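Structure at a glance
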Amino acid sequence: MPHFALICRDKPDHLEVRKATREKHLAFLNGYDGLFVAGPLLEDGNPIGSLVVIEAADLEAARAWAGNDPYVAAGLFSSVEVVEWKKVIG
């Protein structure tokens, strides 16, 4: 099954939204069997977005799954890019 990288950028000044929604977001991620790796993007030690790599049947399925993230529902992200990703090293 192919992998997809979700590159999500937070809206400026939305750290409190991230904090308030974090537990729901983590539960959403942990509930997905196709989760490969996930974590925040950082700038000066502060979260500015998220990188999530998942397995999904195709790009449409990956986009649909990403759209159900509680961070999306909370309006945290200014952008979400979903692209196919291939593991080469590691």
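Everything below is about the structure printed above this text.
Below or above, wherever it landed, is the structure these notes cover. (Residues numbered from 1 in each chain as written. Predicted model: local features only at pLDDT ≥ 70, side-chain atom pairs only at ≥ 80, totals over all residues. Heavy atoms only, no water.)

Brief notes about the side chain of Asp 69
Among the structural elements, Asp 69 can be located in the loop between helix H2 (59-67) and helix H3 (70-73). Of the side chains with opposite charge, Arg 18 lies nearest to the buried Asp 69, which makes no salt bridge, at 8.4 Å. Of the polar contacts made by the side chain of Asp 69, one reaches the backbone nitrogen of Tyr 71; its length is 2.8 Å. Discounting residues that sit within four places of it in the chain, Asp 69 has contacts with His 25 and Phe 28. (Helix = DSSP H or I, 4+ residues; strand = E, 2+ residues; numbered from the N terminus. Buried < 20%, exposed > 50% of the residue type's maximum accessible area, 1.4 Å probe, protein only. Lys, Arg positive; Asp, Glu negative; His and termini not counted. Salt bridge = Lys/Arg side-chain N within 4 Å of Asp/Glu carboxyl O. Polar contact = N/O pair within 3.5 Å; in protein donor to acceptor, adjacent residues only side chain to side chain. Contact = heavy atoms within 4.5 Å.)

Considering the sheet that holds strand S3 (residues 46-55)
Taken in spatial order, the 4 strands line up as S2-S3-S1-S4 in an open sheet, and their pairing is antiparallel. The open sheet has two edge strands, strand S2 (35-43) and strand S4 (77-85), and neither has a second partner. Going from strand to strand, the sheet's axes swing by 15° on average, the running direction of each strand aside. Inspection of the sheet shows strand S1 (residues 3-10) paired to S3 by 7 bridges, in the antiparallel sense. Bridged to Phe 4 within S3 is Ile 54. The sheet contacts of helix H1 (residues 15-30) involve S1, S2, S3 and S4, and relative to S3 the element is tilted by about 20°. (Pairing = 2+ DSSP bridges. Axes fitted to C-alpha atoms, helices over the stretch in contact; angles between N-to-C directions.)

A few points about the pattern of salt bridges
Inspection of the entire model under this criterion finds 3 salt bridges. In this structure, Arg 18 engages Asp 10 in a salt bridge whose closest nitrogen and oxygen atoms are separated by 2.8 Å. Across the pair, Asp 10 and Arg 18 agree in class, each one buried. Across the pair Glu 23 and Arg 22 runs a salt bridge whose closest N-O atoms are separated by 3.8 Å. Overall, Glu 23 belongs to the exposed group, its relative accessible area being 57%.

Focus: unusual backbone geometry
Its identity as a non-glycine residue notwithstanding, Asp 13 has a phi of 60°, on the positive side. Mapped onto the elements of the fold, Asp 13 is located in the loop between S1 and H1. On the accessibility criterion, Asp 13 (81% relative accessible area) is exposed. Unusually for a residue other than glycine, Asp 44 sits at a positive phi of about 55°.

Concerning a nonpolar patch on the surface
Taken together, the side chains of Phe 36, Val 37 and Trp 85 make up a nonpolar region of the molecular surface, amounting to roughly 250 Å² of accessible area. By secondary structure assignment, the location of Val 37 is in strand S2. What makes Val 37 partly exposed here is its relative accessible area of 41%. (Patch = residues over 30% accessible without salt bridge, like charges linked within 9 Å, V, L, I, M, F, W, Y side chains within 5 Å. Areas by Shrake-Rupley, 256 points an atom, 1.4 Å probe, with all protein chains shown as cover.)

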